[in-house]
Each structure stands twice: as C-alpha cells, then as structure tokens.
Amino acid sequence: MKRKPFYNLLLQGFGYIVLGNFLCLFMTMALTMFATNLDFYGSEVVFNVLAILCGTLIFFMLMFTVAWKDGARERSLVKNHRVEAPLPHRWIWLGLIMFAIAALPSVVLLLNKLFFPQADTFLVYRFVSGSAYPFIQTFVPMPDLATDAWVQTDFRQIDIMSPLFPALMLLYYAIIPVMTQLGWYIGYTDKFNKDSIVYK
C-alpha cells in the first residue's frame, strides 16, 4: 500500500460529487412522488424540510467519506513507516478544488440570471446539480398549473428565480472543504475506532 497521488484523489472526489448529485436527485424525485399522495396541512413544508435535510446529509457524508478513507490509509502508512509524515493540509486543497467543481453550475446559473436573461440553463441545472434539487423545490417552486390559469406556455422557472438562490448554493458548496478536512482528520486520528474509544 502506498500514498495515492493528488490527481487520483481528485478524480475520486469528483466521482463522489457526481454520486452525491445523482443520489440527491433520485431521493428528491422519490419524495416528490410520495408527497403528491399526502393531503394534510403543511405537508409541502414537511416534505421540503425533509428533502433538504436528507439531501444535505447524503451529499456531505459522501464528501466526508472520501477524505476519511484517505485519512485512515495515511494513518496506516505512517504507522507502518511507509511514509515519514502525514500531509495534513492535502484535503483542504482537494476540498477547495471539489468546491469549485461542484459550484461551477451555480456560477453559470447566476451569470445566466444576471447577464444573459434570454438564455435558460435552469432545466439543465436541476439535473446536473442534483444536490440543489431539494432547494429548488423550496425556493423556486413550479406554479400549480391546475389553479394558476395565468401561467403561459412559455413560462420559465429562471424568470421567477431570485439571484440569491445560486448565491445560496455557492455558500452551501463552500462547506465541502470543511467536510473533507474533517473527514481526513477523523480518519487519520482514528476517532471512529470503538476499541480506542473504550480504551481511553
């Protein structure tokens, strides 16, 4: 066993971002289908809160896990004298690059809203950034076509979207470097080892 190169870990982190977006998208669509059968006061609010909580947990636990695995590997390498010392800040840099990758669609959406209103990247954004889907359901809801007779066929969700929404998502993705560094630290220090916890 040897230390994985930086680019290898970055590819792994990118894969976890894609997986997180897919799982959040799938989870939100499944909850939406379930919520359509619910008919009680406040059901929409309950669904939105549940979708955001579950989506956040899924996405950031994956960011945590990819770094935690590398931290555990690094601990083993140092313990077996395969390397002289750990690289404690590696996952800060990896997390920042992963943040840039995850936040890129939100940046494009923000630029679209502010400077290119004739374009519409919102539909693509919904599926590319699946981790944002729960927030879209809450902050940029679709109109109820059954009751809102004024809605035209050329309605675009991006027209009613506030520029604050993609800005909010940029702050959301800014948590990625925090989670990756925390994951690496807990993996390296073996904080989840039950035996060491009981021993202490």
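Residues numbered from 1 in each chain as written. Predicted model: local features only at pLDDT ≥ 70, side-chain atom pairs only at ≥ 80, totals over all residues. Heavy atoms only, no water.

J.: It is not clear to me how the pattern of salt bridges should be interpreted in this structure. Could you clarify?
T.: Any two side chains of opposite charge can pair if their charged atoms end up close together. All told, the structure shown has three salt bridges when counted by the stated rule. A salt bridge links Arg 3 to Glu 74; its shortest N-O distance comes to 2.5 Å. Linking Arg 3 in the segment before helix H1 (6-35) with Glu 74 in helix H2 (residues 43-79), this pair joins segments that are 71 residues apart in sequence. In this structure Arg 3 comes out as partly exposed when scored by relative accessible area, which is 25%. (Salt bridge = Lys/Arg side-chain N within 4 Å of Asp/Glu carboxyl O. Helix = DSSP H or I, 4+ residues; strand = E, 2+ residues; numbered from the N terminus. Buried < 20%, exposed > 50% of the residue type's maximum accessible area, 1.4 Å probe, protein only.)

J.: What is the right way to look at a nonpolar patch on the surface in this model?
T.: A contiguous nonpolar patch, built from Leu 104, Val 107, Val 108, Leu 111, Leu 114, Phe 115 and Phe 116 and spanning about 640 Å² of accessible area, is present on the exposed surface. Examined against the element boundaries, Val 108 turns out to sit in helix H3 (residues 90-115). (Patch = residues over 30% accessible without salt bridge, like charges linked within 9 Å, V, L, I, M, F, W, Y side chains within 5 Å. Areas by Shrake-Rupley, 256 points an atom, 1.4 Å probe, with all protein chains shown as cover.)

J.: What's the story with the environment of Val 45 in this structure? I'm lost.
T.: Within the fold, Val 45 resides in helix H2. Val 45 sits 93 residues away from Thr 138 along the chain, and the two C-alpha atoms are 8.2 Å apart.

J.: Any chance you could explain unusual backbone geometry here in plain terms?
T.: Among all residues save glycine, negative phi is the norm, and among peptide bonds the norm is trans. Of note, His 81 is a non-glycine position whose phi angle comes to about 60°, a positive value. With respect to the secondary-structure elements, His 81 resides in the loop between H2 and H3. The exposure class of His 81 is exposed, given its relative accessible area of 71%.

J.: Would you mind showing me how to read helix H8 (residues 176-189) here?
T.: At 3.6 residues per turn, the α-helix brings residues three or four places apart onto the same side. Relative to the 20 Å expected for 14 residues at 1.5 Å per residue, H8 spans 20 Å between its end C-alpha atoms, a close match to the ideal helical length. Of the positions making up H8, those classed as buried are Ile 176, Pro 177, Met 179, Thr 180, Gln 181, Gly 183, Trp 184, Ile 186 and Gly 187. Residues of H8 that are buried make contact with H2, H3 and helix H7 (164-173). Among the residues trailing H8, Asp 190 stands out with phi positive, at a value near 60°. (Expected span 1.5 Å × (residues − 1). Contact = heavy atoms within 4.5 Å.)

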